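Chains, contacts and geometry: an overview
Chain by chain, the residues:
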Amino acid sequence: MAVLNIIQEILSTPAVLVALIALIGLLLQKKPAADTIRGTIKSFLGFIVLSAGADVIVTSLAPLGGMFQEAFHTTGVVPNNEAIIAVALKEYGQVTALIMFFGMFANILIARITRFKYVFLTGHHTLYMACMIGVILITIGMSTAATVVVGAVALGIVMVLFPALAQPTMKKITKSDDVAFGHFSTIGYWSSAMIGKLVGKNSKSTEEIEFPKSLAFLRDSSVSISLTMVIFYLILALFCGPDYVKNNWSDGTNYIMFSITKGIQFAAGVFIILQGVRLILAEIVPAFKGISERLIPNAKPALDCPIVYTFAPNAVLIGFFSSFVGGIVGMIMLILTGGIIILPGVVPHFFCGATAGVFGNANGGVKGAVFGSFINGLMLTFAPLLLMPLLGDLGYQGTTFSDLDFIASGFLIGKAGQLGPIAATIFVFGVLAVMIAVSIKKPGRKESES
């Protein structure tokens, strides 16, 4: 068990995982020791910087959920991956570690033998998906050994299929085909990109928004994000009451100063993330060529969602707010219709909504970013209702999985599993067989068309 815990810690820490991949790639290229050390450390550093920025954002957003519930007097289920995983790992930690470990080998093998040439490097999302798959397979009555085998294959499949779904839009965003996208809410991002195509004809890019000369300072994304978030905080603080903020969140600080500090703290987090992204891209892409050339020809590293933020910072903010509005509209619809109420979680709406904004902008400019992210927000609200009944007792803990790929994958495996463990096994290996057959049948077709 101690060994499994160490493996889980290593593989679920993105900075360590990416640094290891960079090291292997540089060694395979037989780079000089100095270049190998530099590339490995800077890859590690890039993810540490990115993670630090994400932590700053999460800290700055933490009060918003409570303030929102206080302001509008709502209670319900708050989708949050970290929260549901913290509960699940107490009972399913061992099977999760085994699925994750063997699933990463399955990812490499599937990328090697099929035309889906993606290596998924977002370690924490790999952990979450491994846990979710394990919970569902055990809930349907599958043995532990079978759960590990079937779960590892299922994990390997989703680790290549979802990056393949995102890649056509990723090429538009990054203006290259060197980097793939590895974040398990791809269905929402793909939907945003498709909506962008439908509604965004002749719509200018979010990065081409023209400001009057008197507002030219808003072209600086750090300034515009700071001001927007300060205003957002102030409005919420006024709705829930300054005394509530002072007694519950600000440690006695005046609500105006608290709102200003938290708003600018959020912008600081975005700024840090962008710096980390630049470091990672500068090091991981060249290093990954060693793996691509030696182990998996034409392979692409699939990296976490902030990897796209630097390409459209305005779309990040537009996407966040549009997705959050979609979440509020969806919540109101659930309140009116009765049943379980899904509250808009600020953290998933930021990371998923911001990314949906970038994808929507790539195909449809401002309109694509707004409408694509809004639909993403609706999906984040209604989709968890599909998965919750399939998670057994874990489905009713006041929180659940938030991102759409978790929900889609879990729903399909769970529904197949309702016919029995054998049906779930046939479903998973059937998908793998189709992927292999497609790769054999059309060997000359580019993976980017997948």
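In this convention, every chain numbers its residues from 1, walking through the sequence in written order. A pLDDT threshold of at least 70 governs which residues receive local features in this predicted model, and a stricter bar of 80 or more applies before side-chain atom pairs are shown or counted, although totals over entire chains, interfaces and linings include all residues. The basis for every side-chain value is the complete set of heavy atoms in the structure, and neither hydrogens nor water enter the calculation.

With that out of the way, let us pick up the confidence of the model for the protein chain. Residue-level pLDDT values for the protein chain average 85, and 89% of them are 70 or greater. Per-residue confidence from the prediction method is given by pLDDT, with values spanning 0 to 100. Numbered from the N terminus, helices here are DSSP runs of H or I no shorter than four residues, and strands are runs of E no shorter than two. The least confident element of the protein chain is helix H1 (residues 2–11), whose mean pLDDT is 66; the most confident is helix H7 (residues 186–199), at 96. Residue contacts are defined here by distance: any two heavy atoms, one from each residue, within 4.5 Å place the two residues in contact. Counting contacts from residues 443–450, a segment whose pLDDT is below 50, to residues more than four positions away or on other chains yields 16 contacts.

Here histidine 125 lies in helix H5 (residues 123–139). Any pair of N or O atoms that falls within 3.5 Å is considered a polar contact. Within protein, one atom must be able to donate a hydrogen and the other to accept it, and sequence-neighbouring residues count only if both atoms are side-chain atoms. A polar atom in the side chain of histidine 125 sits 3.4 Å from the side chain of histidine 183. There is a polar contact of 3.5 Å between the side chain of histidine 125 and the side chain of aspartate 403. Apart from the residues lying within four places of it in its own chain, the contact partners of histidine 125 are Asn81, Phe120, His183, Phe184, Asp403 and Phe406.

What follows deals with helix H6 (residues 144–174). Residue pairs spaced three or four apart in an α-helix point in one direction, given the helix's 3.6 residues per turn. Multiplying one less than the number of residues by 1.5 Å gives the expected span of a helix. Between its terminal C-alpha atoms H6 stretches 42 Å, which fits the 45 Å expected from 31 residues at 1.5 Å a residue. Remark: the principal bend of H6, roughly 50°, maps to glutamine 167, with a proline, proline 168, within the next four residues. Positive backbone phi, at 60°, marks lysine 175, one or two positions downstream of H6. At every residue, the bend is computed as the angle between two fitted axes, covering the seven residues ending there and the seven beginning there respectively.

Next up on the list: the packing of aromatic side chains. Both the distance between ring centres and the angle between the ring planes are used here to describe each pair of aromatic rings. Between rings of Phe, Tyr and Trp, where Trp is taken as its six-membered ring, a pair exists when centres lie within 6.5 Å; planes separated by under 30 degrees are stacked, by over 60 edge-to-face, and by other angles tilted. Evaluated as defined, the whole model comprises 18 aromatic pairs. When the centroid spacing of 5.9 Å and the interplanar angle of 80° are considered together, the rings of phenylalanine 232 and phenylalanine 324 count as edge-to-face. Note that phenylalanine 232 is positioned in helix H8 (residues 221–240) and phenylalanine 324 in helix H11 (residues 313–337), a separation of 92 residues in sequence. Only protein chains enter the accessibility calculation, which uses a 1.4 Å probe; a residue is then buried when its area is under 20% of its type maximum, exposed when over 50%, and partly exposed in between. A relative accessible area of 17% means that phenylalanine 232 is categorised as buried. Given a relative accessible area of 5%, phenylalanine 324 falls into the buried group.

This brings us to the pattern of salt bridges. Side chains bearing opposite charge may pair, as long as their charged atoms lie close to each other. Only one rule defines a salt bridge in this text: a Lys or Arg side-chain nitrogen within 4 Å of an Asp or Glu carboxyl oxygen. A full pass over the atoms with the stated rule returns one salt bridge. Across the salt bridge formed by aspartate 177 and lysine 300, the nearest N and O atoms sit 3.7 Å from each other. Pair noted here: aspartate 177 is in the loop between H6 and strand E3 (180–181) and lysine 300 is in strand E4 (residues 300–303), with a separation of 123 residues, a long-range link. Judged by its relative accessible area of 4%, lysine 300 is buried.

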